[in-house]
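# Remarks on the overall topology
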Amino acid sequence: MEMWANSGLWPKSSAGHPYRKCKRMLLLLLLFQVHLPYSRNLHQPPTSQVSPKQTLVVNHAGQLLPQATAMPRPPASAMPAGHEALGRLVRPKDALSEESERSQLRRLSFMALGGAMLLGYLGFVAKSNDSTKSEDQSLLSAWPEAVPWMLLSMTLSIFNKWIFLPAGGNFPFPMTVSCSHMLSTSMVLHLLRLWKPQLFPGLRGLNWRAALPVVLLVGSLLAISVVLSNSAAVLLSVAFVNMLKGGNPVVALLLGLTLGTSSCNWRMLCPVLVIMFGAVATVRGELSLSYLGLALLVTAIVVEQFRLVLFKSMMSESGLSLDPLSALSLFAPVAFAFTAVAAACERQTPMAIDRVQGCALALNALVAVTLNIAYSRLLKVASPVTFTVFGTAKDVTTAGLSLDMVGGTITPLQLCGYATTLFGMVYYDRVKQLQ
């Protein structure tokens, strides 16, 4: 007691009162305990009450309250290198919106440029005269018609995939896209027919009673083929689709044998087996294979080849003579009617379309129209061998370009399989030419 009394913490007159000494000691301990948490709160506020962008203020009642304040940005020299890089990546909302707006403007500008080029090609077709062109031209003679077809076909294949991708057009509705293709093709072809009817010689003096069954049946098969192809494009990569299309001659031969319109011998059997072996290797080498997409693609190929075989047989039986452009102008409205029903059932609720999606769908439909016209013009001047050579070059180029533009992978097994398929196609055309 004498030690505490002589320490000077309280007067000596209270040294003889132990209860008063204890009260004053307890008071000092309480003040010390209150001071520690208060000092900790000032240096490190709890995250549940104060955010990093808030500070503590004392109101008129003496209570500590958070108040939002703007955090001053330290100078670049005082910030670590990692923080400075993070500041460049994490941008304010205004900067992100401005960048998104600039990106949309760039896309719209490219789309406008592409639309102008397509309209220029359509104007060239409307002013051209095809009466002097002969059939079965060589490779060098047919390239003015083959190059536009190749470029448009590659563009539409990659463009369709971009529209379906969430990171692209974000419009995964293949039936609606198919319906827009058929609608635009019908409108443009019939407008072109009014502008220049000499481009449609097959419609002069057409026997509608004989042509109506052909138009209805072949047009419905065209709608099914287009819808299945676009649906498969949603699930499969562009490279895989183009590599698997190398097996079209085998499907055409098998359908011809089934319908009795083709014949096969042991010489024809060898390239067919080579093509089938290459197609199987291509399928086995696919890393992310969708069996539903594969089934849709194979069905689309079978339907398309069946449509071509049936069209040739019905044309020969009915005695009709339709050029490719005239036939497409008759089939497109029927295909539009079928695809419109499918598109109406595709989406249960309406979907808002922004500027980029609307312009992309319009340009995509214009590309489809121009491709159909270019394909019809190529069929008039190209022999089967010429068409196969340009088609093979187109498929190879499309598969390579799609890897960088819309993604995808090609394995070594797929490369070997596709090379085998191409060899089988060349072998198949050589055997047919000799026969």
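Bear in mind the structure is a predicted one, so any value in this text is a computation, not a measurement.

## Side note on unusual backbone geometry
With a phi close to 55°, Asn 170 is a non-glycine residue in the positive phi region. Within the element layout of this structure, Asn 170 appears in the loop between helix H5 (139-164) and helix H6 (174-195). By relative accessible area, Asn 170 is classed as partly exposed at 37%.

## Let's talk about a nonpolar patch on the surface
Residues Phe 110, Leu 113 and Met 117 make up a contiguous nonpolar surface patch of roughly 380 Å² in combined accessible area. You can see Leu 113 is positioned in helix H4 (residues 93-127).

## Let's talk about helix H10 (residues 266-284)
Here H10 spans 27 Å end to end across 19 residues, near enough to the 27 Å set by a 1.5 Å rise per residue. Among the residues of H10, those classed as buried are Met 268, Pro 271, Val 272, Val 274, Ile 275, Gly 278, Ala 279, Ala 281, Thr 282 and Val 283. Next to the buried residues of H10 lie helix H8 (238-244), helix H9 (248-259), helix H11 (291-318) and helix H15 (412-434).

## Considerations on the pattern of salt bridges
Inspection of every chain in the model, using the stated rule, returns three salt bridges. A salt bridge links Arg 307 to Glu 304; the nearest nitrogen and oxygen atoms lie 2.7 Å apart. Placement of both Arg 307 and Glu 304 in helix H11 is noted, with a separation of three residues, approximately one turn of the helix. Arg 307 sits in the buried class, given a relative accessible area of 11%. Among the residues examined, Glu 304 registers a relative accessible area of 22% and is labelled partly exposed.

## Quick word on the side chain of Arg 377
Tracing the backbone through its elements, the reader meets Arg 377 in helix H13 (residues 355-381). For Arg 377, the side chain forms a polar contact with the side chain of Glu 145, separated by 3.0 Å.

## Describing the side chain of Asn 230
Here Asn 230 shows up in helix H7 (residues 208-235). What makes Asn 230 buried here is its relative accessible area of 7%. Of note is the side chain of Asn 230, whose polar atom sits 2.6 Å from the side chain of Ser 178. In this structure, Asn 230 is in contact with Asn 160, Phe 164, Pro 174, Ser 178 and His 181, ignoring residues within four places of it in sequence.

## Quick word on the environment of Val 283
Residue placement: Val 283 occurs in helix H10. Taking the C-alpha atoms as reference points, Val 283 and Gly 417, separated by 134 residues in sequence, lie 8.5 Å from one another.

## Considering the UniProt feature "transmembrane region" (unreviewed entry) in the protein
Residues given the UniProt feature "transmembrane region" (unreviewed entry) here are residues 108-126, 146-165, 206-228, 289-310, 322-343 and 355-375. Taken as a whole, residues 146-165 contains 95% helix and 0% strand, while its terminal C-alpha atoms sit 29 Å from one another. For residues 322-343, the helix share is 91%, the strand share is 0%, and the end-to-end C-alpha distance is 29 Å.

## As for the nonpolar core
Core analysis: the biggest nonpolar cluster contains 78 residues, and Phe 331 and Ile 373 have the highest contact counts within it. The biggest single contributor to this core is H13, with 13 residues. Not counting the four nearest positions on each side in its chain, Ile 373 is found in contact with Leu 122, Val 125, Val 188, Leu 189, Leu 192 and Leu 325. With eight residues, the next largest nonpolar core counts Val 250, Leu 253, Tyr 428 and Val 431 among its residues.

## With respect to the packing of H7 against helix H12 (residues 324-346)
Viewed as axis vectors pointing N to C, H7 and H12 meet at an angle of 50°, and their least axial separation amounts to 7 Å. The pairing of H7 with H12 is recorded here as oblique in orientation. You can see that H7 and H12 cross each other, and the crossing is right-handed. Across from Trp 208, Val 214, Val 215, Leu 216, Val 218, Gly 219, Ser 220, Leu 222, Ala 223 and Val 227 in H7, the residues of H12 making contact are Leu 330, Phe 331, Val 334, Ala 335, Phe 338 and Thr 339. Considered class by class, the residues forming the contact of H7 with H12 number 13 nonpolar, three polar and no charged.

## Topic: the confidence of the model for the protein
Across the protein, the average pLDDT comes to 75, with 71% of residues at 70 or higher. Per-element averaging of pLDDT across the protein places helix H3 (residues 81-89) at the bottom with 41 and H6 at the top with 91. Considering only residues more than four positions removed or in separate chains, one finds that residues 1-16, a stretch of pLDDT under 50, has 17 contacts.

## A look at the packing of aromatic side chains
Under the defined criterion, the tally for this structure stands at four aromatic pairs. Note on Phe 159 and Trp 162: the rings are 6.1 Å apart at their centroids and 50° apart in plane angle, and the pair reads as tilted. Placement of the pair is Phe 159 and Trp 162 together in helix H5, with a separation of three residues, close to one helical turn. For Trp 162, a relative accessible area of 21% puts it in the partly exposed group.

Rules used throughout
- In this convention, every chain numbers its residues from 1, walking through the sequence in written order.
- Predicted model: local features are reported for residues with pLDDT of at least 70 only, side-chain atom pairs are reported and counted for 80 or more only, and whole-chain, interface and lining totals are derived from all residues.
- Hydrogens are left out, water is left out, and the side-chain values use all remaining heavy atoms of the structure.
- To qualify as a helix, a DSSP run of H or I must reach at least 4 residues; to qualify as a strand, a run of E must reach at least 2; elements of each kind are numbered from the N terminus.
- Think of it in three bands: residues with accessible area under 20% of the maximum for their type are buried, residues over 50% are exposed, and the middle band is partly exposed, with areas taken using a 1.4 Å probe on protein chains only.
- Exposure above 30% relative accessible area and the absence of a salt bridge qualify a residue for a patch, where like charges join within 9 Å and nonpolar side chains (Val, Leu, Ile, Met, Phe, Trp, Tyr) within 5 Å.
- Each accessible area value is a Shrake-Rupley result obtained with a 1.4 Å probe; residue values ignore everything except the protein chains displayed when judging cover.
- Only one rule defines a salt bridge in this text: a Lys or Arg side-chain nitrogen within 4 Å of an Asp or Glu carboxyl oxygen.
- The span you would expect from a helix comes to 1.5 Å times its residue count less one.
- The criterion used for residue contact is that any of the two residues' heavy atoms lie within 4.5 Å.
- In protein, a polar contact requires one atom able to donate a hydrogen and another able to accept it; more generally it is a pair of N or O atoms within 3.5 Å, and residues adjacent in sequence count only if both atoms are side-chain atoms.
- UniProt positions are given in the numbering used here, feature names are shortened, and annotations may be inferred rather than shown by experiment.
- Think of a nonpolar core as a cluster: buried Ala, Val, Leu, Ile, Met, Phe, Trp, Tyr and Cys residues, connected wherever their side-chain atoms sit within 4.5 Å.
- Angular values range over 0 to 180 degrees, each being the angle between N-to-C directions of two axes fitted as lines to C-alpha atoms, with helices fitted over their stretch in contact.
- Under this scheme an angle from 65 to 115 degrees is roughly perpendicular, one under 35 degrees roughly parallel, and one over 145 degrees roughly antiparallel; angles in between are oblique.
- Definitions for this section: a left-handed crossing has its near helix turned counterclockwise from the far helix by less than a right angle. A right-handed crossing has that turn clockwise.
- All residues other than Ala, Val, Leu, Ile, Met, Phe, Trp, Tyr, Cys, Pro, Asp, Glu, Lys and Arg, Gly among them, are scored as polar; the first ten of these are nonpolar and the last four charged.
- For every residue, the predictor reports its confidence as pLDDT, a number between 0 and 100.
- Under the pairing criterion, centres of Phe, Tyr and Trp rings, with the six-membered ring standing for Trp, must be within 6.5 Å; the plane angle then separates stacked pairs below 30 degrees from edge-to-face pairs above 60, leaving the rest tilted.

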